[in-house]
Amino acid sequence: MHRSDAGHGHAGTPSLNGARADLQSPTAALAVSNLSHAFAGQAVLQDITFRIDAASHMLLLGPSGSGKSTLINLITGILPCQSGAIHIAGEPMSGANGRQRDDLRRRRIGVVFQSLRLVSALTVRRNLHLAQKLATGSSVPEQVDALLDRLGIRHRADAPLRKLSQGQLQRAAIGRALIGAPDLLVADEPTSALDDANAASTIDLLLETAAAQGTSLLVATHDKRIMDRISHQLVLTDHSRIAA
Amino acid sequence: MIAELVIAYMRERLLSTALNIALLALSVAALVLLLIASSQIGERLERNARGVDLVVGAKGSPLQLILSSIYQMDRPTGNIPLSALYQLRRDPGVARVIPLALGDAFRGYRIVGTEPAYLSLYGAQIAAGQMFAGQGDCVVGAEAARDLGLTVGQRFIGGHGMGEEAESGSGAEHAAQPFTVTAILKPTGTVADRLIVTSVDTIWHMHGVEAPAVDAEPDASAEAEITALLVTYRNAAGAVRLPMMINRQTNMQSAVPAIETNRLLSLLGVGIDGAMLFGWLLALIGGLSIFVAMLNAANAREGDLALLRVMGATRGQVFGTILMEGTVTAVLGACVGALTAHLVLAQVSSGQSPLAQLGLEPWRWSGGEVVIVAIVVGIGAITALVPAMRIFTVNLAETLGKTGR
């Protein structure tokens, strides 16, 4: 398993702790600095510092209970920051109130989950329209169609979700997360529920579409099948720290 | 965004949505039907009795006398001597007496032998033709003319009887004395719309009764009889004296329309109040059904709600989605119910049914309906409020952890 060297800060390359992340850098899609978090007095994350530059990718690894989910919830603003700082494309997520975090997430971040993928009552096309409208305030049908083409599911765009395969659903979820052209795409265990073929194509698709849109990518996983697909890796230990 | 989601969610749970709409529609239809019936019946009864202070007829049920003579709904109590007409016209307490000769009908529409003054009671105006004058002449009310297809100059043969035999045409026909339509009346919104009106002489002639000489007052033993007299008082003294005098000193009875109508309405009112209570109970059950459906939907959609929040929907937008779904269901239920009530009323008040004889106007909308619809929509919105409030208590991290990781 590769771990990036501390202090690497040039564009396109993630950097880990050891040096304070350059929070205000316009080239950083995500900058996390001295982040700590605890639940009921028990530390879940301790002094985490790293950054992901624009159009860069990073794999977040760690065993169960290492704080991956908490870190993602903090980055996406689902949980408020207790200590340390998080900036998304130069804008502070830490210190923001609930409404501000919602707004920052809406404008800057796309999220892909393992199984919670789409709004159940809508078709893939309507999900993408809705996501784009929420993110940007308007929906452009041509952009939705173009993304559906790139995802290879345009022919299933108007089918009921229950008639789509797991692989097609995950592709649709990637589309939903990317249609708003976010600065950062956070994927939480995106391949765990997929078979080998779908897992490989999903991670390829994530990398391709993120690269095509210039979106940075943070993939949290413990899926060994995709560990060699992204070279820059951040490993959380079971002591809630970044592995030395 | 909210509207699209609401429609999508309602389509996703089509059966449940349809059942909730049907339940609310049922309650609103019942309430609106009762509202229309109670308000229009009361109004109609009052309008038909306007200008008549007292009805004099053969002894029997006073309510039957009022129903048959004013509302043309029941069988007459019998006949009274023609001399009563002259006696009452001489009374200083009486301003006007209008005779009625009942007992015949044409295809379910009653033929009333009377004087032109009877039509003036209802403000009836001639739309085409001339008032009846000669033997066999008649004028036809607007609704009767439309339903029977009668036009001025047309001739028809009336039949004896006013009940089912008249409707079925099984009553004896007066083939030798056909009627000629001399006029069609403009609609009045009163009982006159459903009547065929002719002279008392024509009725007597049809039944082979010799009419008395114009200038001679018949005595009590004369053959010519009438069915009832509609009396209008000249002064208060008449109102005090006449009913008592007629009831005690003659073989006739007098009945006050206002009293009998109130009695009838209070009897009807008890039933209507009970049915209204049942209707509101149905509305509450409909609201409860929406509450249960929305609560289940909110539970089942917990993941969706969390996802919408992650996608950038505000709490207010997600809250609005659930609230609007409940409200739209209630609006649809209320509108379908109100429309159903009017359709049902239009159906039952057509033709010759007893309800048709009440002359209800099925497509007249009342302000009370708006209140019923508003209350039912309010019930729907309130019951959706509690499930919608869940969005403020959903723990996003926990929900996403449960469903996503």
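As the structure is a prediction and not an experimental result, all values here were calculated from the model. (Residues numbered from 1 in each chain as written. Chains lettered and ligands numbered in written order. Predicted model: local features only at pLDDT ≥ 70, side-chain atom pairs only at ≥ 80, totals over all residues. Heavy atoms only, no water.)

Trainee: Looking at this structure, I do not really get the nonpolar core. What am I missing?
Mentor: Soluble globular proteins: nonpolar side chains tend toward being buried together. By size, the foremost hydrophobic cluster in this structure holds 144 residues, and its most contacted members are Leu30(A), Phe50(A), Ile75(A), Ile88(A), Val119(A), Tyr118(B) and Leu230(B). It is helix H2 (residues 14–49) of chain B that provides the largest number of residues to this core, a total of twelve residues. In this structure, Val119(A) is in contact with Asn127(A), Leu130(A), Leu161(A), Leu5(B), Tyr9(B), Asp304(B), Leu307(B), Leu308(B) and Met311(B), ignoring residues within four places of it in sequence. Formed by 38 residues, the second largest nonpolar core is a distinct cluster that contains Ala58(B), Leu148(B), Val181(B) and Leu229(B). (Core = buried A, V, L, I, M, F, W, Y, C linked by side-chain atoms within 4.5 Å. Buried < 20%, exposed > 50% of the residue type's maximum accessible area, 1.4 Å probe, protein only. Helix = DSSP H or I, 4+ residues; strand = E, 2+ residues; numbered from the N terminus. Contact = heavy atoms within 4.5 Å.)

Trainee: Where do I start with helix H2 (residues 98–108) of chain A in this structure?
Mentor: Side chains of residues three or four places apart in an α-helix project in the same direction, reflecting 3.6 residues per turn. All names here are of chain A. Within the sequence span of H2, burial applies to Arg 101, Asp 102, Leu 104 and Arg 105. Each buried residue of H2 sits inside an arc of 165° when the element is viewed along its axis, so together they form one side. The N-cap of H2, judged by a side-chain oxygen 3.2 Å from the amide nitrogen of Arg 99 a few residues on, is Asn 97. (Arc of directions from axis to C-beta. Polar contact = N/O pair within 3.5 Å; in protein donor to acceptor, adjacent residues only side chain to side chain.)

Trainee: How should I be thinking about the sheet that holds strand E4 (residues 83–88) of chain A in this particular structure?
Mentor: Each strand in a sheet pairs with another by means of backbone hydrogen bonds, the pair being arranged parallel or else antiparallel. Residue and element names in this part refer to chain A. The strand order E2-E1-E4-E5 describes an open sheet built from four strands, whose pairing is antiparallel. Both edges of this open sheet fall to strand E2 (42–53) and strand E5 (91–92), since each of them pairs with a single strand only. With eight bridges connecting them, strand E1 (residues 28–39) and E2 associate as antiparallel partners. Its bridge partner lying in E2, Ala 31 is registered against Arg 51. (Pairing = 2+ DSSP bridges.)

Trainee: What exactly am I supposed to notice about the packing of helix H10 (residues 257–300) of chain B against helix H12 (residues 315–348) of chain B here?
Mentor: Helix packing geometry: the angle between the two helix axes and the distance between the axes. All names here are of chain B. Taken N-terminus to C-terminus, the directions of H10 and H12 make an angle of 150°; their axes are 11 Å apart at the nearest point. The orientation of H10 relative to H12 falls into the category roughly antiparallel. Here the hand of the crossing between H10 and H12 comes out right-handed. On H12, the residues that touch Ile 290, Met 294 and Ala 298 of H10 are Ile 322, Glu 325, Gly 326, Thr 329 and Ala 330. (Axes fitted to C-alpha atoms, helices over the stretch in contact; angles between N-to-C directions. Parallel < 35°, antiparallel > 145°, perpendicular 65-115°, else oblique. Left-handed = near helix turned anticlockwise from the far one by under 90°.)

Trainee: Would you mind going over the interface of chain A and chain B with me for this structure?
Mentor: Quite often, the size of an interface is put as the accessible area lost when its parts meet. Taken residue by residue, the interface counts 26 residues in chain A and 22 residues in chain B. Carbon and sulfur atoms supply 63% of the area buried between chain A and chain B, which totals about 2300 Å² over both sides. Counting the contacts that link chain A with chain B gives two salt bridges. Seen at the junction of chain A and chain B, the total is six residue pairs in polar contact (both at pLDDT 80 or more). Every element with two or more residues in the side of chain A that touches chain B is listed here: helix H1 (68–75), H2 and helix H3 (124–136) of chain A. Top element by residues in the side of chain A that touches chain B is H3(A). It accounts for six residues. Partitioning the side of chain A that touches chain B into residue classes produces twelve nonpolar, six polar and eight charged. (Buried area = accessible area lost by both parts, 1.4 Å probe. Salt bridge = Lys/Arg side-chain N within 4 Å of Asp/Glu carboxyl O. Nonpolar A, V, L, I, M, F, W, Y, C, P; charged D, E, K, R; others polar.)

Trainee: Sorry, what's going on with the packing of aromatic side chains here?
Mentor: Note on aromatic pairs: each is described by the distance of the centres and the angle between the planes. Residue and element names in this part refer to chain B. Applying the stated rule across the entire model yields four aromatic pairs over all chains. Residues Phe 156 and Phe 179 carry aromatic rings whose centres are separated by 5.3 Å and whose planes lie at 20° to one another, so their mutual orientation is stacked. Of this pair, Phe 156 sits in strand E7 (residues 155–156) while Phe 179 sits in strand E9 (residues 179–185), placing them 23 residues apart in sequence. An aromatic cluster of at least three residues, connected via ring pairs, comprises Phe 106, Phe 156 and Phe 179. The residue whose ring lies beneath Arg 301 is Tyr 9, and the NZ or CZ to ring-centre distance is 3.7 Å. (Phe/Tyr/Trp six-rings, centres within 6.5 Å; stacked < 30°, edge-to-face > 60°. Lys NZ or Arg CZ within 6 Å of the ring centre and 35° of its normal.)

Trainee: Is there a simple way to think about the pairing of strand E13 (residues 252–255) of chain B in this case?
Mentor: In the case of a regular strand, side chains alternate between the two sheet surfaces. Residues and elements named next belong to chain B. Neither face of E13 is left uncovered, since the one carrying Met 252 and Ser 254 and the one carrying Gln 253 and Ala 255 both have all their residues buried. Here strand E1 (residues 54–58) pairs with E13 via four bridges, running antiparallel. Residue pairing in the sheet places Ala 58 in a bridge with Met 252 of E13.

Trainee: How do you make sense of the pairing of E1(B) when you look at a structure like this?
Mentor: Residue and element names in this part refer to chain B. Most of E1 sits inside the fold, with five of its five residues counted as buried. As paired elements, E1 and strand E12 (residues 228–233) share four bridges and run antiparallel to each other. Bridging from a neighbouring strand, Gly 57 pairs with Ala 228 of E12.

Trainee: Even after reading the chapter, I still don't get the packing of H3(A) against helix H5 (residues 166–178) of chain A, so can you show me in this structure?
Mentor: Residues and elements named next belong to chain A. H5 packs onto H3 with a crossing angle of 20° between their chain directions and a minimal axis gap of 8 Å. Relative to H5, the element H3 lies roughly parallel. In the packing of H3 onto H5, the handedness of the crossing is right-handed. Residues Val 124, Asn 127, Leu 128 and Ala 131 of H3 form the contact with H5, whose own contacting residues are Ala 172, Gly 175 and Arg 176. Among the residues forming the contact of H3 with H5, the class breakdown is four nonpolar, two polar and one charged.

Trainee: Is there a simple way to explain the environment of Gln42(A) in this structure?
Mentor: Residue position: Gln42(A) is located in strand E2. Sequence separation between Gln42(A) and Thr136(A) is 94 residues; the distance between their C-alpha atoms is 38 Å.

Trainee: Just to check I follow, could you spell out the confidence of the model for chain B for this structure?
Mentor: Residues shown with low pLDDT carry predicted positions that ought not to be read at fine detail. All names here are of chain B. Within chain B, residue pLDDT values average 86, and 91% of them lie at 70 or more. Of all the helices and strands in chain B, helix H7 (residues 164–168) carries the lowest mean pLDDT, 52, while strand E6 (residues 137–140) carries the highest, 96. Two summary scores accompany this predicted model of the complex, namely pTM at 0.71 and ipTM at 0.81. (pLDDT = per-residue confidence, 0-100.)

Trainee: How do you make sense of the sheet that holds strand E7 (residues 184–188) of chain A when you look at a structure like this?
Mentor: Residues and elements named next belong to chain A. Pairing is parallel in the open sheet, where five strands are placed in the order E6-E7-E8-E3-E9. Lying at the two open borders of the sheet, with one neighbouring strand each, are strand E6 (109–112) and strand E9 (233–235). Going across the sheet, the axis of each strand differs from the next one's by a mean of 15°, ignoring polarity.

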